[in-house]
Amino acid sequence: MTLPPVQKPTALTLTEQAPCSSKRLLIVVLAAGESKRFEGVKLAQLIPSLSATETREQAIIYTHVERLQQLHYQDLVLERQGAHSPQHMPLLVILGAHQHVLQPLLAELNSRHPFDVLINPQWHTGLASSVSLAASYAKEQGFDAMLLTLADQVALSADDYRQLILTWHETGKDVAAHYLDDLGVPAIFNASTLPLFTHLSGDRGAKSILKQQAQQGALVAITLPRAAIDIDTQADLASWLALKE
């Protein structure tokens, strides 16, 4: 398969961005898995805080959601520019296997900037059930697109997500990260693509849909090398933490 042209991330100024639109984008955090290979509650593991002024540690899922809460409508020039305070982008967290451990870890963030949490009762059937649940929610709530993220992609920055969103805003196409010579998440899917998620099953995530959209010329890929880093095992986490020291 021939992949779509890969765009290199560039820092766009407000004057270079496309005109303001009223498109509604839902950010989805997939965090329902059992993390069997990790042999523990992976997303509850502590990693260094995002703050440059503090040395405290936070759970992986806390850090991931906090990073996404840094995204505002104003700095992405999507809508609501007349608001007097920053408007956070709608966020949905999908939990499952370890919901009783993970949901309390998000309480502080949820009280600060509220977001929705859905429990996937079919988490044991594989990733597809969470992706399908997210797509159904986005469609029912009338969103123009959804951005899928994996909670264990620990190396991605807020700027990586901004670049993804700005590319979607400029092109109007689905947008995917490109790393390890392949397409993957994080990725943004337009509302017209969401019905395709109902046909997924098992541990099939969004990759098959990304490739289908690419073949049809309906997708743009951008280089996000940090998306290649995710945590599957205890060794993965130890290696990544060692690199950060």
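Coordinates for the structure precede this section.
Residues numbered from 1 in each chain as written. Predicted model: local features only at pLDDT ≥ 70, side-chain atom pairs only at ≥ 80, totals over all residues. Heavy atoms only, no water.

Asks: Let's hear about the overall build of the protein: which residues, and what values?
Replies: For the protein, the count of helices and strands is eight helices and 10 strands. In the protein, buried positions account for 47% of the 245 residues. For the protein, long-range pairs separated by at least 24 residues make up 71% of all intrachain contacts whose partners lie at least 6 apart in sequence. Summing over all exposed atoms, the protein offers an accessible surface of approximately 11500 Å²; the carbon and sulfur share of this is 52%. (Helix = DSSP H or I, 4+ residues; strand = E, 2+ residues; numbered from the N terminus. Buried < 20%, exposed > 50% of the residue type's maximum accessible area, 1.4 Å probe, protein only. Contact = heavy atoms within 4.5 Å. Areas by Shrake-Rupley, 256 points an atom, 1.4 Å probe, with all protein chains shown as cover.)

Asks: Account for the pattern of salt bridges, with residues named and values stated.
Replies: Applying the stated criterion across every chain yields a total of seven salt bridges. Close ionic contact of Glu 66 with Arg 112 constitutes a salt bridge, the shortest N to O distance being 3.9 Å. Taken together, the residues span a long stretch of sequence, with Glu 66 in helix H1 (residues 60-68) and Arg 112 in helix H4 (residues 107-112) at a distance of 46 residues. On the basis of relative accessibility, which here comes to 14%, the residue Glu 66 falls in the buried class. (Salt bridge = Lys/Arg side-chain N within 4 Å of Asp/Glu carboxyl O.)

Asks: Which residues make up the nonpolar core, and what values go with them?
Replies: Within soluble globular proteins, side chains that are nonpolar generally end up buried alongside one another. The biggest cluster of nonpolar side chains holds 43 residues, and the ones touching the most others in it are Ile 61 and Val 65. For this core, the secondary-structure elements that each account for two or more residues are strand E2 (25-31), H1, strand E5 (91-95), strand E7 (145-150), helix H6 (158-171), strand E8 (174-179) and helix H8 (234-244). Discounting chain neighbours no more than four positions away, the residues touching Ile 61 are Ala 31, Leu 43, Val 93, Leu 95, Leu 102, Leu 105 and Leu 106. Counting residues in each nonpolar core, the second largest holds 29 residues, with Val 131, Ala 134, Ile 209 and Leu 210 among its members. (Core = buried A, V, L, I, M, F, W, Y, C linked by side-chain atoms within 4.5 Å.)

Asks: Tell me about the pairing of E8, and name the residues and values.
Replies: In terms of burial, E8 is a largely internal element, six of the six residues being buried. Of the strand pairs in this sheet, E8 and strand E9 (residues 182-190) are connected by five bridges, and their pairing is antiparallel. Paired with His 178 across the two strands is Leu 183, which belongs to E9. Counting the residues that bridge the hairpin from E8 to E9 gives two residues, and of these Leu 180 lies at a positive phi of roughly 50 degrees. (Pairing = 2+ DSSP bridges.)

Asks: How would you explain the pairing of E9 if you had to name every residue and give the values?
Replies: Burial of E9 is extensive: eight of the nine residues sit out of reach of the surface. Taken together, the four bridges between E7 and E9 define a ladder with antiparallel strand orientation. Across the sheet, the residue bridging to Ala 145 is Asn 190, located in E9.

Asks: How would you explain the packing of aromatic side chains if you had to name every residue and give the values?
Replies: In the structure shown here, the tally under the stated rule is one aromatic pair. Aromatic side chains Phe 189 and Phe 197 sit 4.9 Å apart centroid to centroid with 90 degrees between the ring planes, which places their arrangement in the edge-to-face category. This pair shows no difference in class: Phe 189 is buried, exactly as Phe 197 is. Here the basic side chain of Lys 23 rests over the ring of Trp 168, its NZ or CZ set 5.1 Å away from the ring centre. The ring of Phe 143 has Arg 24 sitting right over it, with the charged end atom 4.1 Å from the ring centre. (Phe/Tyr/Trp six-rings, centres within 6.5 Å; stacked < 30°, edge-to-face > 60°. Lys NZ or Arg CZ within 6 Å of the ring centre and 35° of its normal.)

Asks: Go over the layout of surface pockets with me, naming the residues and quoting the values.
Replies: Roughly 1000 Å³ of internal volume is contained in the largest pocket. Surrounding the largest pocket, 39 residues form its lining, Lys 42, Leu 127, Leu 150, Asp 152 and Asp 232 being those nearest its centre. Looking at the lining of the largest pocket, the elements with two or more residues in it are E2, helix H5 (127-140), E7, E9 and helix H7 (207-215). Here the element with the most residues in the lining of the largest pocket is H5; it accounts for three residues. Counted by class, the lining of the largest pocket contains 20 nonpolar, 10 polar and nine charged residues. (1 Å grid on protein atoms, 1.4 Å probe; cavity = no way out; pocket = protein on both sides within 12 Å on 5 of 7 lines; lining within 4 Å. Points joined across faces, edges and corners; volume = space filled by probe spheres on them. Nonpolar A, V, L, I, M, F, W, Y, C, P; charged D, E, K, R; others polar.)

Asks: Run through unusual backbone geometry, naming residues and quoting values.
Replies: Residue Pro 186 follows Val 185 across a cis peptide bond; omega there is 10 degrees. Note that Pro 186 resides in strand E9. Of note, Ser 35 is a non-glycine position whose phi angle comes to about 50 degrees, a positive value. Following the sequence through the fold, Ser 35 ends up in the loop between E2 and strand E3 (46-48). Given a relative accessible area of 17%, Ser 35 falls into the buried group. For Asp 181, which is not a glycine, the phi torsion comes out positive at approximately 60 degrees. With respect to the helices and strands, Asp 181 occurs in the loop between E8 and E9. Among the residues examined, Asp 181 registers a relative accessible area of 70% and is labelled exposed.

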